Amino acid sequence: MVGLGYVGLPLAATFAEAGVPVLGLDAVPSKVAQINVGRSYIEDVPSERLRPLTDAGLLRATTSWDDLRSVDAVLICLPTPLTEHREPDLSAVLGAAESLASRLRRGQLVVLESTTYPGTTREELAPVLERSGLVAGRDFHLAFSPERVDPGRVDWTTATTPKVVGGLTPACTQAAVELYSLACETIVPVSSPEVAEMTKLLENVFRSVNIALVNELAIVCDRMGIKVWEVIDAAATKPFGFMPFRPGPGLGGHCIPIDPFYLTWKAREYDLHTEFIELAGKVNSAMPAFCVGKVARALNSRRRAVNGSRALIFGVAYKPNVNDTRESPALRIIELLREEGAVVSYHDPHVAALPRQGLVSVELDAQTVRDHDVSVVVTDHAGIDWAMVAREAPLVVDLRNVVPDDDGKVWRL
Ligand SMILES: NC(=O)c1ccc[n+]([C@@H]2O[C@H](COP(=O)([O-])OP(=O)(O)OC[C@H]3O[C@@H](n4cnc5c(N)ncnc54)[C@H](O)[C@@H]3O)[C@@H](O)[C@H]2O)c1
């Protein structure tokens, strides 16, 4: 397993639990050291789950590429971010391929798990691996299999979520199917790596576009004085042809705000414009400003200005029950509130500190809530006593529809 992050570590643990010995490679020595003593830094894989696997010798980590000579399969789970010009940054994946090429063995299987644009496996990865002198599809197997992990989710796991695989040749697909069958319940073979790559992008574009649609509806409902949450719940009673998405303060994480733009970039090569993706990005990225506008209106209703008000943000992770703050809309909301002169604190049971913002999570008690002019629910982590917040806060702006409202002090998205 190359890359022991949110994707690689759960996948490594899943294989090890199935009795398949796993070697994990990561560039960060402290992560490797922690894994080797059974200590986890990823919430989805608690140390109690990891330790028996390392104790049994089923999971071992290394920083050395030379150790990969002995393995049968290499699964690449490395970051695929955007550059500052919002273009795909494949440097980690292609750098890894270069390191692998000089150690590649005949008969090995290489699978790319990182989200990327269609064509990456065949046009970018294969040529680098072939610097080994071995030919992809003939001397070694090559496939793409998108990771579908949803951090924080417990009803579907890496083992139970169907696994799509597309190889360069039918034999490559077959090799990948055999490998994943050792650890995953359902394998979905497709005809090419491009189909598998595009499948992952469709899944993420689907979410981005539908979230944007419901965010736009939330803004329209806000102006019309209609409760959007009630509209969605009512629409969701239709047994067919409708799937509920909820509005929110904007997109976060490593996937939904980023991956669709991999397709936008690739489509340009074909003189095509992915207008739904661009529009969804525009609507979703405007949400933090809309939400801050709502906080300003709520304060205004109490004859208060944002300037000088104390705001308590609930949840700075990008979604409930995780500690990941990458691209989190909460960070933008904090920035915008501060620009308007608010004094901002936050509470997040999963994120102890935001060093860049110079903030640490405050303890949550009735006094703290009372001491803030407005409580803003950005991420609805489990285990927070929303009834207490409703009772004690002078004013609430609830962007997640979780705070009960008894006396009209809750402003909802
Ligand atoms: N996080 C998710 O929920 C999720 C879900 C599905 C797909 N994905 C995709 O999976 C891929 C990995 O995402 P992630 O969230 O696991 O990233 P991550 O940053 O959590 O993990 C990447 C790991 O790779 C290591 N690393 C970075 N560069 C390296 C290098 N050159 N050599 C060796 N190790 C290196 C890092 O130290 C880190 O441990 C991305 O393409 C992402 O889009 C992520």
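To start, this report covers the structure provided alongside it. (Residues numbered from 1 in each chain as written. Predicted model: local features only at pLDDT ≥ 70, side-chain atom pairs only at ≥ 80, totals over all residues. Heavy atoms only, no water.)

**Overview of the pairing of strand E12 (residues 374–377)**
So, step 1. Here E12 shows two buried faces, one formed by Val374 and Val376 and the other by Ser375 and Val377.
So, step 2. Here strand E8 (residues 310–314) runs beside E12; their pairing, made up of four bridges, is parallel. Of the residues in E12, the one forming a bridge with Ile313 is Val376.
So, step 3. With three bridges joining them, E12 and strand E13 (residues 396–398) adopt parallel strand pairing. By the bridge assignment for E13, Val376 is matched with Val397. (Buried < 20%, exposed > 50% of the residue type's maximum accessible area, 1.4 Å probe, protein only. Helix = DSSP H or I, 4+ residues; strand = E, 2+ residues; numbered from the N terminus. Pairing = 2+ DSSP bridges.)

**Notes on the sheet that holds E8**
The strands making up a sheet are joined through hydrogen bonds of the backbone, oriented either antiparallel or parallel.
So, step 1. In spatial order, the strands read E9-E8-E12-E13-E14; together these five strands make up an open sheet with parallel pairing. Two strands in the sheet have a free side with no partner beyond their single neighbour: strand E9 (343–347) and strand E14 (410–412). Averaged over all pairs of adjacent strands, the angle between their axes in this sheet comes to 20 degrees, without regard to strand direction.
So, step 2. Strands E12, E13 and E14 of the sheet are contacted by helix H11 (residues 287–301), whose axis makes an angle of about 150 degrees with E14. (Axes fitted to C-alpha atoms, helices over the stretch in contact; angles between N-to-C directions. Contact = heavy atoms within 4.5 Å.)

**Regarding the packing of aromatic side chains**
Centre-to-centre distance and the angle between the planes together describe a pair of aromatic rings.
So, step 1. Following the criterion strictly, the structure yields five aromatic pairs and no others.
So, step 2. Each ring, one from Phe206 and one from Phe245, has its centre 5.7 Å from the other, and the planes form 70 degrees; the classification is edge-to-face. Residue Phe206 is located in helix H7 (residues 193–224), and its partner Phe245 is located in the loop between helix H8 (228–235) and helix H9 (260–268); the two are separated by 39 residues in the primary sequence.
So, step 3. With relative accessibility at 10%, the residue Phe245 sits in the buried group.
So, step 4. Among the aromatic side chains, those forming a connected cluster through ring pairs are Tyr117, Tyr262 and Trp265.
So, step 5. Just above the ring of Phe261 sits the side chain of Arg86; from NZ or CZ to the centre is 4.9 Å.
So, step 6. Stacked on the ring of Tyr180, the Lys or Arg Lys163 has its end atom at 4.9 Å from the ring centre. (Phe/Tyr/Trp six-rings, centres within 6.5 Å; stacked < 30°, edge-to-face > 60°. Lys NZ or Arg CZ within 6 Å of the ring centre and 35° of its normal.)

**Details of the site of the ligand**
So, step 1. Near the ligand lie 24 residues; those nearest to it are Tyr6, Val7, Asp26, Lys31 and Thr80.
So, step 2. Interatomic distance of 2.5 Å between a side-chain N/O atom of Thr80 and an oxygen atom of the ligand.
So, step 3. Relative to its unbound accessible surface of 830 Å², the ligand loses 87% to contact with the protein.
So, step 4. Tallied by class, the residues present in the shell around the ligand amount to 12 nonpolar, six polar and six charged. (Near = heavy atom within 4 Å. Polar contact = N/O pair within 3.5 Å; in protein donor to acceptor, adjacent residues only side chain to side chain. Areas by Shrake-Rupley, 256 points an atom, 1.4 Å probe, with all protein chains shown as cover. Nonpolar A, V, L, I, M, F, W, Y, C, P; charged D, E, K, R; others polar.)

**Details of the nonpolar core**
So, step 1. Formed by 42 residues in total, the largest nonpolar core has its most connected members in Ile313 and Leu337.
So, step 2. Those elements that place two or more of their residues in this core are H7, H8, H11, E8, helix H12 (329–339), E9 and E12.
So, step 3. By residue number, the principal contributor to this core is H11, which donates seven residues.
So, step 4. When neighbours within four sequence positions are excluded, Ile313 is seen to be in contact with Ile333, Ile334, Leu337, Val344, Ser345, Tyr346, His347, Val376 and Val378.
So, step 5. Core analysis: the second largest hydrophobic core is formed by 32 residues, Leu11, Leu53, Tyr180 and Ile187 among them. (Core = buried A, V, L, I, M, F, W, Y, C linked by side-chain atoms within 4.5 Å.)

**Observations regarding the pattern of salt bridges**
So, step 1. All told, the structure shown has 25 salt bridges when counted by the stated rule.
So, step 2. Here Lys266 makes a salt bridge to Glu123, at a shortest N to O gap of 3.1 Å. Here Lys266, found in helix H9, pairs with Glu123, found in helix H5 (residues 120–129); they are 143 residues apart in sequence, far enough to count as distant.
So, step 3. Lys266 gets classed as buried once you look at its relative accessible area, which sits at 5%.
So, step 4. One salt bridge connects Lys319 with Asp150, and the closest N-O pair in it is separated by 2.1 Å. Taken together, the positions of Lys319 in the loop between E8 and H12 and Asp150 in the loop between strand E5 (141–144) and strand E6 (163–167) put the pair 169 residues apart, joining distant regions of the chain.
So, step 5. Residues joined in a network through salt bridges with shared partners are Asp150, Arg153, Asp155 and Lys319. (Salt bridge = Lys/Arg side-chain N within 4 Å of Asp/Glu carboxyl O.)

**Quick look at the pairing of E6**
Successive residues of a regular strand alternate their side chains across the two faces of the sheet.
So, step 1. Most of E6 is tucked away: five of the five residues are buried.
So, step 2. The side-chain alternation of E6 yields two buried faces, one formed by Lys163, Val165 and Gly167 and the other by Val164 and Gly166.
So, step 3. Strand direction decides the pairing type here: E5 and E6, joined by two bridges, are antiparallel. Counted as the bridge partner of Ala143 is Gly167 from E6.

**Details of unusual backbone geometry**
So, step 1. Despite not being glycine, Arg86 shows a phi value in the positive range, around 60 degrees.
So, step 2. Looking at where Arg86 falls in the secondary structure, it is placed in the loop between strand E3 (73–76) and helix H4 (91–101).
So, step 3. For Arg303, which is not a glycine, the phi torsion comes out positive at approximately 60 degrees.
So, step 4. Within the element layout of this structure, Arg303 appears in the loop between H11 and E8.
So, step 5. Under the relative-accessibility criterion, Arg303 is labelled exposed at 82%.

**Re the side chain of Ser375**
So, step 1. Locating Ser375 in the fold gives a position in strand E12.
So, step 2. In this structure Ser375 comes out as buried when scored by relative accessible area, which is 0%.
So, step 3. Every residue in contact with Ser375, bar those within four places of it in the chain, is listed here: Leu312, Phe314, Val369, Val389, Ala393, Leu395, Val396 and Val397.

**Concerning the side chain of Asn284**
So, step 1. You can see Asn284 is positioned in helix H10 (residues 275–285).
So, step 2. Overall, the relative accessible area of 3% leaves Asn284 in the buried class.
So, step 3. When neighbours within four sequence positions are excluded, Asn284 is seen to be in contact with Ser208, Ile211, Ala212, Asn215, Gly250 and Leu251.

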